Amino acid sequence: AQSVTQLGSHVSVSEGALVLLRCNYSSSVPPYLFWYVQYPNQGLQLLLKYTSAATLVKGINGFEAEFKKSETSFHLTKPSAHMSDAAEYFCAVSDNSGYSTLTFGKGTMLLVSP
Amino acid sequence: DSGVTQTPKHLITATGQRVTLRCSPRSGDLSVYWYQQSLDQGLQFLIQYYNGEERAKGNILERFSAQQFPDLHSELNLSSLELGDSALYFCASSVVGGSHEQYFGPGTRLTVT
């Protein structure tokens, strides 16, 4: 069974500050890992994905994440927060089977203040 | 725009009623997934279909059922509705294999009164 833990249900940063959203996973097989973003009243949008190629993954909107197998982590970062980054962020792990069900974390709400 | 469409956008109904939510996947995607999102339970996987066949089941209640049609659109049927069924219901689609990412629709907000 897989699981995802996102530390912190809410993270607050100032505009221009570093964004760090934490994700730890548990998987019995090499995982595929994903970050999704959800803006208010919208569906989830894929930010980036790790699929066993490069451990540092770059996504859209300046976000990136680093896969660390030894720490079973896949933290999401952005060097400089923008007001438009305020949203809820979900980390997810795939079961790596041919039919790819995703297990999501509980989400982290990112608040950006001016 | 992910290419996944869902109808209706909002649905308000009474307890005990039955509703049907509809999803059209991205062009070329054979897999469809249904999720329920609520404040207390978070994002929960309900069920997956691949090319018309059920492939995986998650936390789906017996009062809920789904199907995928030959044109690959899918419907989620919710019956004997309870207040606790009020939630956002998302459909997602993917190309099976490869990097397994799923593309989500805009969701249907169900309110049971």
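Since the structure is predicted, the reported quantities are computational estimates derived from the model, not experimental observations.

## Some points on the pattern of salt bridges
All names here are of chain B.
Turning to step 1, where the next piece is worked out: Inspection of every chain in the model, using the stated rule, returns 7 salt bridges over all chains.
Turning to step 2, where the next piece is worked out: A salt bridge links Glu 53 to Arg 55; the shortest N-O distance between them is 3.8 Å.
Turning to step 3, where the next piece is worked out: Residue classification places Glu 53 among the partly exposed positions, given a relative accessible area of 47%.
Turning to step 4, where the next piece is worked out: The class of Arg 55 is partly exposed, set by a relative accessible area of 38%.
Turning to step 5, where the next piece is worked out: The salt bridge involving Asp 85 is made with Arg 63; its shortest N-O contact spans 2.8 Å. Residue Asp 85 is found in the loop between strand 8 (74-78) and strand 9 (87-94), and its partner Arg 63 is found in the loop between strand 6 (53-57) and strand 7 (64-68); the two are separated by 22 residues along the sequence.
Turning to step 6, where the next piece is worked out: A relative accessible area of 3% places Asp 85 in the buried class.
Turning to step 7, where the next piece is worked out: Here the residues in one salt-bridge network are Arg 63, Glu 82 and Asp 85, joined through shared partners.

## What to know about the layout of surface pockets
Turning to step 1, where the next piece is worked out: Taken as a whole, the largest pocket spans an internal volume of roughly 620 Å³.
Turning to step 2, where the next piece is worked out: Lining the largest pocket are 27 residues, and of these Gln38(A), Glu88(A), Gln37(B), Ser38(B) and Leu39(B) sit closest to its centre.
Turning to step 3, where the next piece is worked out: When contributions to the lining of the largest pocket are tallied by element, the ones reaching two or more residues are strand 9 (87-94) of chain A together with strand 4 (31-38), strand 5 (42-50), strand 9 and strand 11 (108-112) of chain B.
Turning to step 4, where the next piece is worked out: Of the residues assigned to the lining of the largest pocket, the class counts are 11 nonpolar, 12 polar and 4 charged.
Turning to step 5, where the next piece is worked out: The space that makes up the second largest pocket amounts to roughly 340 Å³.

## Let's talk about the nonpolar core
Turning to step 1, where the next piece is worked out: Counting residues in each nonpolar core, the largest one holds 27 residues, and the members touching the most others are Trp35(A), Leu48(A), Phe74(A), Leu76(A) and Tyr89(A).
Turning to step 2, where the next piece is worked out: Going through the elements one at a time, strand 2 (10-14), strand 3 (19-26), strand 4 (32-38), strand 5 (44-50), strand 7 (64-68), strand 8 (73-78), strand 9 and strand 11 (108-113) of chain A are the ones with two or more residues in this core.
Turning to step 3, where the next piece is worked out: Within the second largest apolar cluster, 20 residues are counted, among which are Ile60(B), Leu81(B), Tyr89(B) and Cys91(B).

## Things to note about the sheet that holds strand 8 of chain A
Residue and element names in this part refer to chain A.
Turning to step 1, where the next piece is worked out: The strand order across the open sheet formed by 5 strands is 1-3-8-7-6, and the pairing between neighbours is antiparallel. The sheet is open, and its two borders are formed by strand 1 (3-7) and strand 6 (56-58), each paired with just one other strand. Across the sheet, the axes of successive neighbouring strands diverge by a mean angle of 20 degrees, strand direction being ignored.
Turning to step 2, where the next piece is worked out: Two elements, strand 6 and strand 7, share 3 bridges in a ladder whose sense is antiparallel. Across the sheet, the residue bridging to Lys 58 is Glu 64, located in strand 7.

Rules and cut-offs
- Residues numbered from 1 in each chain as written.
- Chains lettered and ligands numbered in written order.
- Predicted model: local features only at pLDDT ≥ 70, side-chain atom pairs only at ≥ 80, totals over all residues.
- Heavy atoms only, no water.
- Salt bridge = Lys/Arg side-chain N within 4 Å of Asp/Glu carboxyl O.
- Buried < 20%, exposed > 50% of the residue type's maximum accessible area, 1.4 Å probe, protein only.
- Helix = DSSP H or I, 4+ residues; strand = E, 2+ residues; numbered from the N terminus.
- 1 Å grid on protein atoms, 1.4 Å probe; cavity = no way out; pocket = protein on both sides within 12 Å on 5 of 7 lines; lining within 4 Å.
- Points joined across faces, edges and corners; volume = space filled by probe spheres on them.
- Nonpolar A, V, L, I, M, F, W, Y, C, P; charged D, E, K, R; others polar.
- Core = buried A, V, L, I, M, F, W, Y, C linked by side-chain atoms within 4.5 Å.
- Pairing = 2+ DSSP bridges.
- Axes fitted to C-alpha atoms, helices over the stretch in contact; angles between N-to-C directions.

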